[in-house]
Amino acid sequence: MHSKRLAYFGLLGRFADAEFASEALFAALNLIGLYHDSILVRAAESLEPSKKPIPSAHNKYTRYWINLSKTYQRASFALTFLQYTDVLMEMGVQKKWGKQAKWRLITTIEFIKVICRIILFYKTQERTVVNPTIPRREIDPSIFNQEENSTTGNQTWIGQNTRCERDNLSSVINNNTTFNNNIINDYLMSKVLYSEDIRKPSELVHRLHGIGKFAELLYIIRPLIYVFALQKYGNRSWKPWVLSIFIELLAKVFFDHFYKKKVPGGYRWISTLEKEEHKRRIRLFLFYILRGPFYEKFTRPKINNFCQSVSNKPILSLFGGILRDYQPLWENIYFYSASS
């Protein structure tokens, strides 16, 4: 999300309130994209089974719970909305009502996020909360054009023994006289089924219990504990920074212990979806270099030295200027580096 946000800030620093306008554009585009995704999903339901794209493990899992539980659906969309708009709301409140109101807003947002994740945790029968909690966009709009074109000719054939309808070879390759192996390979690979493709959606993520359940709940409440610690000790104190990273590391140790624990038949296997989620959480550790006293004592001096050293170099000076433009945002906007 943070990497996508950078693409919308080309006007940053060029005129007053440019960062607020850019963040509003970022939030609006994400919310509009969310609506467009729902339209594509509804349209894809009318496609023939052979034309429907095979969903990823993430989409298969999240859509299963969305369809199963209205509470999960509301909580997941509420959480996604807050993740898209938290920076914008923080900027607006700080600009209009000041820092005290800003920290009340931050506490409220983090509290609502914790509540949403706890709801998701229990509605999925105590499973790891994956991010994003809603399905990703995986539907290519061009498939609808292909569906329209397929009605102009016979694009399928029926097996003599199985009587199953299959795609005709001519519908797979382009209307070229040259036999395109790459297109054939891509098509065949898209039809390959892996072990997780045939599992039930609820089996794609393990149910947690014992130390695994404690680890997930600890990870969920970590951002709220961090906010309370910041308000008590201040942003320049090492206590909130150390406490937050300690909680994350402790949760990771507990997760590792849970998955390495022996069960009947051997060790508990970890699914692809769980691997992706835990890798994402490890990557979020990088945001600690932009927080609190670590940023003040180590990261900011390095950035300032780099920007100063490249100020007279043609291409690198542009990159240094962008870093300087973003420094006030990292330093003054909590949700830029919150990773919540």
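The chain carries the name Peroxisomal membrane protein PEX16 in an unreviewed UniProt entry, which gives Funneliformis mosseae as its organism. Recorded in UniProt under Subcellular location (unreviewed entry), the annotation for the chain is "Peroxisome membrane". Regarding the chain, the UniProt comment filed under Sequence similarities (unreviewed entry) reads as follows: "Belongs to the peroxin-16 family."

Draft legend 1. Quick peek at the overall build of the chain. Across its full length, the chain holds 13 helices and four strands. Residues counted as buried form 40% of the 340 residues belonging to the chain. Sequence-distant contacts in the chain: of pairs separated by 6 or more residues, those separated by 24 or more amount to 73%.

Draft legend 2. Region of interest: the pattern of salt bridges. In total, this model carries 11 salt bridges according to the counting rule given. Residue Glu277 is joined to Arg280 by a salt bridge in which the shortest nitrogen-to-oxygen separation is 2.8 Å. One end of the pair is Glu277 and the other is Arg280, both in helix α11 (residues 272-283) and three residues apart, which spans about a single turn. Accessibility classification places Glu277 together with Arg280 in one group, the buried group. Between Glu296 and Arg300 there is a salt bridge, with the nearest N and O atoms lying 2.3 Å from each other. Taken as a pair, Glu296 and Arg300 lie in helix α12 (residues 292-309) at a separation of four residues, close to a single helical turn.

Draft legend 3. Seen up close, α12. Counted at 1.5 Å a residue, the expected span for α12 with its 18 residues is 26 Å, and the 25 Å between its end C-alpha atoms agrees. At Thr299, α12 shows its largest kink, close to 40°, and the proline Pro301 lies no more than four residues downstream. Looking at α12, one finds that the buried residues are Gly292, Pro293, Tyr295, Thr299, Ile303 and Cys307. The secondary structure elements touched by the buried residues of α12 are α10 (238-260) and α13 (316-332).

Draft legend 4. Representation of unusual backbone geometry within the structure. Omega for the peptide link from Asn131 to Pro132 comes to 0°, which places this bond in the cis form. Mapped onto the secondary structure, Pro132 falls in the loop between α5 (99-123) and α6 (142-150).

Draft legend 5. Main features of the packing of aromatic side chains. With the rule as written, the count across this model stands at 15 aromatic pairs. Taken together, a centroid distance of 6.2 Å and an interplanar angle of 75° make the contact between Tyr61 and Trp65 edge-to-face. Highlighted residues: Tyr61 and Trp65, both in helix α3 (residues 57-68), separated by four residues, approximately one helical turn. Taking the relative accessible area as the measure of exposure, Tyr61 reaches 1% and is therefore buried. Residue class for Trp65 comes out buried when judged on its relative accessible area of 1%. Here Phe294 and Phe298 contribute two aromatic rings whose centre-to-centre distance is 5.1 Å and whose plane-to-plane angle is 40°, an arrangement assigned as tilted. Separated by four residues within a single helix, Phe294 and Phe298 lie in helix α12, roughly one turn from each other. Phe298 gets classed as partly exposed once you look at its relative accessible area, which sits at 44%. One aromatic cluster in this structure is built from Trp238, Trp241, Phe285, Tyr288, Phe294 and Phe298. In this arrangement the basic side chain of Arg291 is found over the ring face of Tyr226, its NZ or CZ atom lying 5.8 Å from the centre. For Arg291, the ring lying beneath its charged end belongs to Tyr288, and the centroid distance is 4.2 Å.

Draft legend 6. Examining the environment of Gly320 more closely. Here Gly320 shows up in helix α13. Sequence separation of Gly320 and Asn305 is 15 residues, and the distance between their C-alpha atoms is 9.9 Å. When residues no more than four places from it in sequence are discounted, the contact partners of Gly320 are Phe306, Cys307 and Val310.

Draft legend 7. Fine view of the side chain of Glu216. With respect to the secondary-structure elements, Glu216 resides in helix α9 (residues 211-233). Assessed through its relative accessible area of 0%, Glu216 is described here as buried. Those residues in contact with Glu216, other than ones at most four positions away along the chain, are Phe121, Thr128, Val129, Leu208, Phe255 and Arg281.

Draft legend 8. Just the environment of Ser311, in detail. Among the secondary structure elements, Ser311 is positioned in the loop between α12 and α13. A residue is classified by how much of its surface remains accessible, and Ser311, at 40% relative accessible area, is partly exposed. Measuring from C-alpha to C-alpha, the distance between Ser311 and Gly321 comes to 8.0 Å, with 10 residues separating the pair along the chain. In this structure the side chain of Ser311 is engaged in a polar contact, spanning 2.9 Å, whose partner is the backbone oxygen of Gln308.

Draft legend 9. Highlighting the confidence of the model for the chain. On average, residues of the chain score 83 in pLDDT, and 76% of them are at 70 or above. Within the chain, the lowest mean pLDDT, 52, falls on helix α1 (residues 2-6), and the highest, 97, falls on α5. This model gives residues 6-16 a pLDDT under 50, and the stretch forms 18 contacts once residues within four places in sequence are excluded. A low-confidence stretch, residues 174-179 stays under pLDDT 50, and its non-local contacts, those more than four residues away or across chains, total three contacts.

Rules behind the numbers
Residues numbered from 1 in each chain as written. Predicted model: local features only at pLDDT ≥ 70, side-chain atom pairs only at ≥ 80, totals over all residues. Heavy atoms only, no water. UniProt positions renumbered as here; feature names shortened; annotations may be inferred. Helix = DSSP H or I, 4+ residues; strand = E, 2+ residues; numbered from the N terminus. Buried < 20%, exposed > 50% of the residue type's maximum accessible area, 1.4 Å probe, protein only. Contact = heavy atoms within 4.5 Å. Salt bridge = Lys/Arg side-chain N within 4 Å of Asp/Glu carboxyl O. Expected span 1.5 Å × (residues − 1). Bend = angle between axes of the 7 residues up to and from the residue. Phe/Tyr/Trp six-rings, centres within 6.5 Å; stacked < 30°, edge-to-face > 60°. Lys NZ or Arg CZ within 6 Å of the ring centre and 35° of its normal. Polar contact = N/O pair within 3.5 Å; in protein donor to acceptor, adjacent residues only side chain to side chain. pLDDT = per-residue confidence, 0-100.

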